[in-house]
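# Remarks on the overall topology
Chain by chain, the residues run as shown.
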Amino acid sequence: MSSDDSPDEQAEPHPEIPRNGLPGPSPDERPHPEGRRNAKGIRIDPEAEAEPEQRSAVVSALVEHEPGVLSRVSGLFSRRQFNIESLTVGPTTVEGHARITLVVEETDLGIDQVKKQLAKLKPVIQVGELDDDAVRAELVVLKVRGEEPDKVQAITEMYEGQTLDAGPRTITVQITGDQQKIDDAIDAFRQFGIIEIARTGQTALARGDTPTTPGEEPGHAKETDERTDEVQTGTYDD
C-alpha cells in the first residue's frame, strides 16, 4: 500500500457486504436451541438424552456371618456412591449365614451394578432382587410427649402398635408393618410432638415357595429328611 492511499479508501467495505452487518433478525430475535451440554461441551437433545428414571428395589444377599462382613458391604456402597435407602442384617435358618436386605433407589443400570458388585465380595453367597409382591416389613419405635395419653393410645391401637413405656412426660410406642403403614403412623403421631424416633428399615422375604435369593434352600430341609427316614425305618420293628 502506498503512502498516497487515503484512510477513506482503505476503510471502504466490500460492495456485497452491508455496512450494518449481514441481513436477518437481531440476536435477541433469533431462535436459541434448548438443551444442555455434556462433560465434553457437546450440546445434547434433552429428550433424547434424558436422565433414566430411578426406582426402588429390594435386594437380598446371603452372606457368611463373619466379623467385618457388614463393613465390607457398606464400604462398597460408599466407594460406588450407590443410593441406599436402608440396610438390615440378621441370621437365617442356616447356621453361620446371615441375610442382608437392602432398599436401593437407583436406575435399572444402577440396581444391576449393586447386585453385581455385591456378588463379587468374598463373604457373599447369593444375591437376588425381590419381586414387587414380596412380604416386606419394618419396625419403628417412637417417643412422644405424654400430655394426651388417651389419644396416643388410640393412635397406637389404630396402627396395631404396642406401648413399650408410659410415664407422666413421655410415651414410647412400637409400630410394625410395611413402609406405607409406618409412614402414615409417624404422620399421625406428629400431633403429639415426636421427641425421638428409631426406624429399622425394611426387611423382606419372597412369597410362597419362591426362594428369597436364587438357589436358597431352607436350613431345616436336610434335618427334616433325616427325621422322615428314621420314622419310615424305625416305627415298624415292633
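Here we summarise the structure given alongside this text.

Reading the values: rules and limits
- The numbering scheme is per chain: residues are counted from 1 as the chain's sequence reads.
- Totals for whole chains, interfaces and linings use all residues, but because this is a predicted model, local features are given only for residues with pLDDT of at least 70 and pairs of side-chain atoms are given and counted only at 80 or more.
- Computation of side-chain values: all heavy atoms of the structure, hydrogens and water removed.
- Labels follow the DSSP assignment, with helices taken as runs of H or I lasting at least four residues and strands as runs of E lasting at least two, numbered in each case from the N terminus.
- Categorising residues by exposure relies on relative accessible area from a 1.4 Å probe, with only protein chains included: less than 20% of the type maximum marks a residue as buried, more than 50% marks it as exposed, and the intermediate range marks it as partly exposed.
- Any two residues whose heavy atoms approach within 4.5 Å at even a single point are treated as in contact.
- One bridge is not enough; two strands pair if DSSP finds at least two bridges between them.
- Every axis in this analysis is a line fitted to C-alpha atoms, fitted for helices over the stretch in contact. Angles between the N-to-C directions lie between 0 and 180 degrees.
- Multiplying 1.5 Å by the residue count of a helix minus one yields the expected span of that helix.

Looking only at helices and strands, one finds 6 helices and 11 strands in the protein. Within the protein, the proportion of its 238 residues that are buried is 27%. Taking all contacts inside the protein whose residues are at least 6 apart in sequence as the whole, residues at least 24 apart take part in 68%.

Taken in spatial order, the 4 strands of this open sheet run E4-E5-E3-E6, and their pairing is antiparallel. Strands at the two margins of the open sheet, each flanked by one partner only, are strand E4 (84-91) and strand E6 (124-129). Looking at each pair of strands side by side, their axes are set apart by 15° on average, direction ignored. In this structure, E4 lies alongside strand E5 (residues 97-106), joined through 7 bridges in antiparallel fashion. Residue Gly90 lies in a different strand from E5, and its bridge partner there is Arg99. Against the sheet, helix H2 (residues 69-80) engages strand E3 (55-64), E4 and E5, with an angle of about 165° to E4.

Another aspect to go through is H2. With 12 residues, H2 should cover 16 Å at 1.5 Å per step; its first-to-last C-alpha distance of 17 Å lies within 8% of that length. Turning to H2, its buried residues are Val69, Val73, Gly75, Leu76 and Phe77. Summarising the contacts, the buried residues of H2 are in contact with E3, E4, E5 and helix H3 (108-120). Trailing H2 by a residue or two, Gln81 shows a phi angle of about 60°, which is positive.

Such coordinate-based values are descriptive only and should not be taken to indicate function.
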